[in-house]
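Results of the structural survey
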Amino acid sequence: MDRKEFRDLATPEEAREAIASLSLEGGVERVSLADARGRVLVARLDAELDVPGFDRASLDGYALRAKDTFGADEADPARLTLTGTVHAGEKPAIEVGEGDAVEISTGAVMPAGADAMVPVERTDTEGDEVLIRTSVAPGDNVMFAGADVAAGERALGPGTRITPRDVGLLSALGIDEVPVRARPRVGIVSTGDELVRPGEAVDSDRGEIYDVNSYTIAAGVEDAGGEAVLYPHAGDDQDEMERVLREAAAECDLVLSSGSTSASAVDVIYRVIEERGELLLHGVAVKPGKPMLVGRLNASEDRSSSGGSAYVGLPGYPVSAMMVFRTFVAPAIREAAGLPEPDAATVEGRMARQERYGEGRLRLMPVGTVTDGDGETLVYPVDKGSGATTSLAEADGVVAVDPGTDYLDEGESVTVQLFSPDVRPPTLLGVGEDDPTLNRLLDDLENPRYLSVGSRPGLRRLREGVPDVAVVAGPIDREIEAASLGGWDREWGLVVRPGNPDEIEGLADLVDRELRFVNRTTDSGLRASLGGAIADLADERDATRHDLVEAIDGFDLGLRAHESPARKVIAGDADAGLGLRTTADRLDLGFVPIDDQPVRVLANPDRREKAGVRNLARALESADYQQ
């Protein structure tokens, strides 16, 4: 048998390019939520319902009307009549009227008529009366529908590797099946007459050894996100080797063999690839691992057949095989599976802003990470409260704060315990307005993170230097130092029932008629634009803005996300809600236009050259995001 000589060894980069030219992708499949952990989404998942789906009490106490508590304090409590009780898990059968209070449990549905609740610690009872020793504002101690996750909000984006905390988020949304990348199916074939499977008897006198590579490489394949399939040993006979390899090629996306790749006269596997496929390279200038093969292997005897798989031949020595696998093959499997390169389980970073604490207890603080303009890791707290699922979904890990620590100062070094070793900082951290066009824009980016906190908090966080960009809608109270990346316009107005049966024509109807209205929170850019429009209407009527606001039923009670008011209209809880035409069209609702509103994307000036920011700027320039 002729000896194969290593002539021109490929460079490591050429080896990577050869493997990259092979198709390892396994396609798309749908899996149940129970099997979703560790899988990679191929499409964006939006929330189809509010979480929670109802207004609920945050504490044990009493549900009431906030206006009935105005002026109450320890010395002069408000006296309300106890009219009933609502427990968690039951539908309220009582309505709160003027001067009434209803005992309520944590997590219970807020009864009709109540817009706030007082914790039991701030009350006393006297017979059938409740003494309220504090005043509250509308919304106090109430977690409103959609406060955790709002219907229509971007839940998880394409490319997300589903973690246990993501499973919790999907469970809260009622999603039981998700579209994911199929894991690359990798066939593993160890060659050599001397190999014996672990568990079988080995004859050292005949030079037999246990097969190390099959199981070691299989573990590496699984760790990289592939599905490992072990095949029987192939001896050094070319016909037997060809039979096993072709069987694997017919069933797998990638075939990995170990052994029979060197220049020895008995190492003939390269001949099988040359005769039954295409040999792209034989030999790489790397130590250990020089005898490496890369090619394509047909499943049939017809070399022109398109059926088959990618092929990589690893050296026989276990250390060499694993070095080559980790350096060249594992990254390709991860890329085909949509998985990032793994990072360390902990990361050192600096606090992006000061975080105060002083409760005298060990604090496990959920945090996110982002890189600044110099590539250094910044750490910022992520906390929506103990009842919010998305606190963990938006975090990368935990910082343990000692009981004696009063605060973590800006710039202070901290150690983040990552949720998993493969957690990476987002390529782009954005904050600000919730917007459907923005959701589509984020889909064009790799591993972005966006916190929909509203325009005003977004600007505040941008001033603090935490995020890379802030998305701002409507008027800005004061300009800040920032680089404008672009933006788009969106049409806003009143979302109404299909066909607009109440014949609502504009804001004047909300003022003059007994219509139930649902607003957005004061952090929203839409709320700011609505305030300006009401001020203009007040000028036309020679009235005060306050008078008009007081005449609108529901003006002071706002919801967080752009679809939440529309969902109230669908449920019949409101006649009109503040929203976007895009939202109305998506939900098949009517729409009464009021004005157009600009949406601007502002960048932290120190991060203008960061790759994620540049990619966002290019995405804004290359596509038409006008609504």
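See the structure shown above.
Attention in this report is confined to the structure presented alongside it.

About the criteria used
- Residues numbered from 1 in each chain as written.
- Predicted model: local features only at pLDDT ≥ 70, side-chain atom pairs only at ≥ 80, totals over all residues.
- Heavy atoms only, no water.
- Helix = DSSP H or I, 4+ residues; strand = E, 2+ residues; numbered from the N terminus.
- Buried < 20%, exposed > 50% of the residue type's maximum accessible area, 1.4 Å probe, protein only.
- Core = buried A, V, L, I, M, F, W, Y, C linked by side-chain atoms within 4.5 Å.
- Contact = heavy atoms within 4.5 Å.
- Pairing = 2+ DSSP bridges.
- Axes fitted to C-alpha atoms, helices over the stretch in contact; angles between N-to-C directions.

1. Points about unusual backbone geometry
Of note, the amide linkage connecting Val51 to Pro52 takes the cis form, showing an omega dihedral of -5 degrees. Positionally, Pro52 belongs in the loop between strand S2 (45–46) and strand S3 (56–57). Residue Asp588 is not a glycine yet carries a positive backbone phi of 60 degrees. With respect to the secondary-structure elements, Asp588 resides in the loop between helix H14 (581–586) and strand S35 (590–603). Asp588 gets classed as exposed once you look at its relative accessible area, which sits at 61%.

2. Observations concerning the nonpolar core
The biggest cluster of nonpolar side chains holds 31 residues, and the ones touching the most others in it are Ile217, Leu254, Leu256, Met292, Phe325 and Val329. Where this core is concerned, the elements lending two or more residues are helix H1 (12–20), strand S13 (185–190), helix H3 (213–223), strand S17 (254–258), strand S20 (308–314) and helix H6 (318–337). Top element by residues in this core is H6. It accounts for 10 residues. For Phe325, the residues in contact, after removing those within four places along its chain, are Ile217, Gly220, Val221, Leu256, Leu314, Ala330, Pro331 and Ile333.

3. A short note on the sheet that holds strand S23 (residues 363–371)
The strand order S21-S24-S23-S25-S27 describes a closed barrel built from 5 strands, whose pairing is mixed. The mean angle between the axes of side-by-side strands here comes to 50 degrees, regardless of whether they run parallel or antiparallel. Pairing of strand S25 (residues 397–401) with strand S27 (residues 413–418) involves 2 bridges; the strand directions are antiparallel. Within the sheet, the bridge partner assigned to Gly397 lies in S27 and is Leu418.

On their own, these measurements won't tell you what the molecule is for.
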